[in-house]
Amino acid sequence: MKTFDVVALGELLIDFTENGTSVQGNPVYEANPGGAPCNVLSMLNKAGKKTAFIGKVGQDIFGKRLKAVLEETGIDVSSLIMDADVRTTLAFVETFADGDRDFSFYRNPGADMMLREEELNADLLKDTRIFHFGTLSMTHEEVRKATKTAIRIAKESGALVSFDPNLREPLWKSLDEAKEQVAYGLSQCDILKISDNEIRWFTGEEDFDAGIAKLRSEYDIPLIMLSMGKDGSRAYYKDLRVEAAPFLQENTIETTGAGDTFGGCCLYHVLEYGIDGFDEEKLRKMLMFANAAASIITTRKGALRVMPEAAEVERLMAERK
């Protein structure tokens, strides 16, 4: 038996999201706690799972607030490092009329990219059922080494590995380098959550099924979830391809954190059924639950602190039947 259901490594930062305008007509930004790995963990905690985070923030106003938020959500912070020599990473998010987003990162350096291999808690990595990571911890050499070491320790201890490319183009020296590190993640994972734009970018295929087939011909990934925004989602597992419609909301504000919410819900179902325990019905249930939860998050500012309870997700699913 493992103490933790999911341990994640990566970025913990402040998402400054637009929240109206000032009397002078200037945009007003709200400081929302964020970072994809912790968004995933927060959703899992709301679903009753035990989680822990490995990462680094600054010993500054934002770092202290972020640590307090993780404690508030129930995420174990014993491996969250507070660094007095570097500042907490910040991201400014601009949301367009069609719901798409643009990111400006203040991360040169940022605390999240300063995590070092020797700072990892190996005992924690050996004590989890699933290890989750993305590519923001793969953008620079030292944190990349830490991430790869964490993957190795977790895999050797029997953990499943979950990967979300979560491509943020401005953070990479080149997209060729990004593609190389995404390929590494694909080679290591048992569970992949990938978005529609990411599968097109990585495979060069416009057709999603063709893109997934291309991935599966190169990488042995048992379970792949494809998020398609307003078009819903798909799961690919053994010889099954299951699709679920979205839960569109009239009062959507923004999509920040929706993909992470979706991914967290999928990991919840992996924990419930086991990686070998899926059939078509369970895959459809997983996707419907994940789509519903993600849709709820689009009606709220931020994500980490406002993840829905499982009962709220079930209510939405019942209403839309």
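This text gives an overview of the structure that appears in the document. (Residues numbered from 1 in each chain as written. Predicted model: local features only at pLDDT ≥ 70, side-chain atom pairs only at ≥ 80, totals over all residues. Heavy atoms only, no water.)

1. Thoughts on the pattern of salt bridges
A side chain with one charge may pair with a side chain of the opposite charge, provided their charged atoms come close.
Okay, step 1: Enumeration over the complete set of coordinates arrives at 17 salt bridges.
Okay, step 2: The salt bridge involving Arg129 is made with Asp5; its shortest N-O contact spans 3.2 Å. Taken as a pair, Arg129 in strand S8 (residues 128–134) and Asp5 in strand S1 (residues 4–9) lie far apart in primary sequence, 124 residues in all.
Okay, step 3: Taking the relative accessible area as the measure of exposure, Arg129 reaches 34% and is therefore partly exposed.
Okay, step 4: Given the relative accessible area of 13%, Asp5 is considered buried. (Salt bridge = Lys/Arg side-chain N within 4 Å of Asp/Glu carboxyl O. Helix = DSSP H or I, 4+ residues; strand = E, 2+ residues; numbered from the N terminus. Buried < 20%, exposed > 50% of the residue type's maximum accessible area, 1.4 Å probe, protein only.)

2. As for the packing of aromatic side chains
Okay, step 1: This model, assessed by the stated rule, comprises 11 aromatic pairs.
Okay, step 2: Taking 4.6 Å as the distance between ring centres and 10 degrees as the angle between the ring planes, the aromatic pair formed by Phe16 and Phe92 counts as stacked. Here the residue Phe16 occupies a position in strand S2 (residues 13–21), and Phe92 occupies one in strand S6 (residues 90–95), the gap between them amounting to 76 residues.
Okay, step 3: Phe16 gets classed as buried once you look at its relative accessible area, which sits at 11%. (Phe/Tyr/Trp six-rings, centres within 6.5 Å; stacked < 30°, edge-to-face > 60°.)

3. Quick notes on the nonpolar core
Okay, step 1: Membership of the largest hydrophobic core comes to 55 residues, with the highest contact counts inside it found for Leu12, Leu70 and Leu223.
Okay, step 2: Considering every element that reaches this core, the biggest residue donor is helix H9 (residues 280–297), with 10 residues.
Okay, step 3: If we ignore the near neighbours within four places in the chain, the residues touching Leu12 are Gly34, Cys38, Phe53, Val57, Leu66, Leu70, Leu80, Thr88, Asp112 and Leu304.
Okay, step 4: In this structure, Leu125, Ala146, Ile194 and Leu226 belong to the second largest nonpolar core, which totals 37 residues. (Core = buried A, V, L, I, M, F, W, Y, C linked by side-chain atoms within 4.5 Å. Contact = heavy atoms within 4.5 Å.)

4. Some points on the packing of helix H6 (residues 196–203) against helix H7 (residues 208–218)
Okay, step 1: Axis separation between H6 and H7 bottoms out at 9 Å; the angle between their running directions is 60 degrees. When the axis of H6 is compared with that of H7, the two are oblique. Between H6 and H7 lies a crossing whose hand is left-handed. Contact residues: Asp196, Ile199, Arg200, Phe202 and Thr203 in H6; Phe208, Gly211, Ile212, Lys214 and Leu215 in H7. (Axes fitted to C-alpha atoms, helices over the stretch in contact; angles between N-to-C directions. Parallel < 35°, antiparallel > 145°, perpendicular 65-115°, else oblique. Left-handed = near helix turned anticlockwise from the far one by under 90°.)

5. A look at helix H4 (residues 141–156)
Okay, step 1: Between its terminal C-alpha atoms H4 stretches 23 Å, which fits the 22 Å expected from 16 residues at 1.5 Å a residue.
Okay, step 2: Those residues of H4 that sit buried are Val143, Arg144, Ala146, Thr147, Thr149, Ala150, Ile151, Ile153 and Ala154.
Okay, step 3: Where H4 is buried, its residues touch S1, helix H3 (122–125), S8, strand S9 (160–164) and helix H5 (175–188).
Okay, step 4: Phi for Gly158, located one or two positions after H4, is positive at around 90 degrees. (Expected span 1.5 Å × (residues − 1).)

6. Remarks on unusual backbone geometry
Okay, step 1: The peptide bond linking Asn108 to Pro109 adopts the cis configuration, its omega dihedral lying at 0 degrees.
Okay, step 2: Here Pro109 lies in the loop between strand S7 (101–106) and H3.
Okay, step 3: Positive phi, normally seen in glycine, also occurs at Asn166, with a value near 45 degrees.
Okay, step 4: In this structure, Asn166 sits in the loop between S9 and H5.
Okay, step 5: Within the chain, Lys238 stands out as a residue other than glycine whose phi angle is a positive 55 degrees.
Okay, step 6: Relative to the helices and strands, Lys238 resides in the loop between strand S12 (233–237) and strand S13 (240–244).

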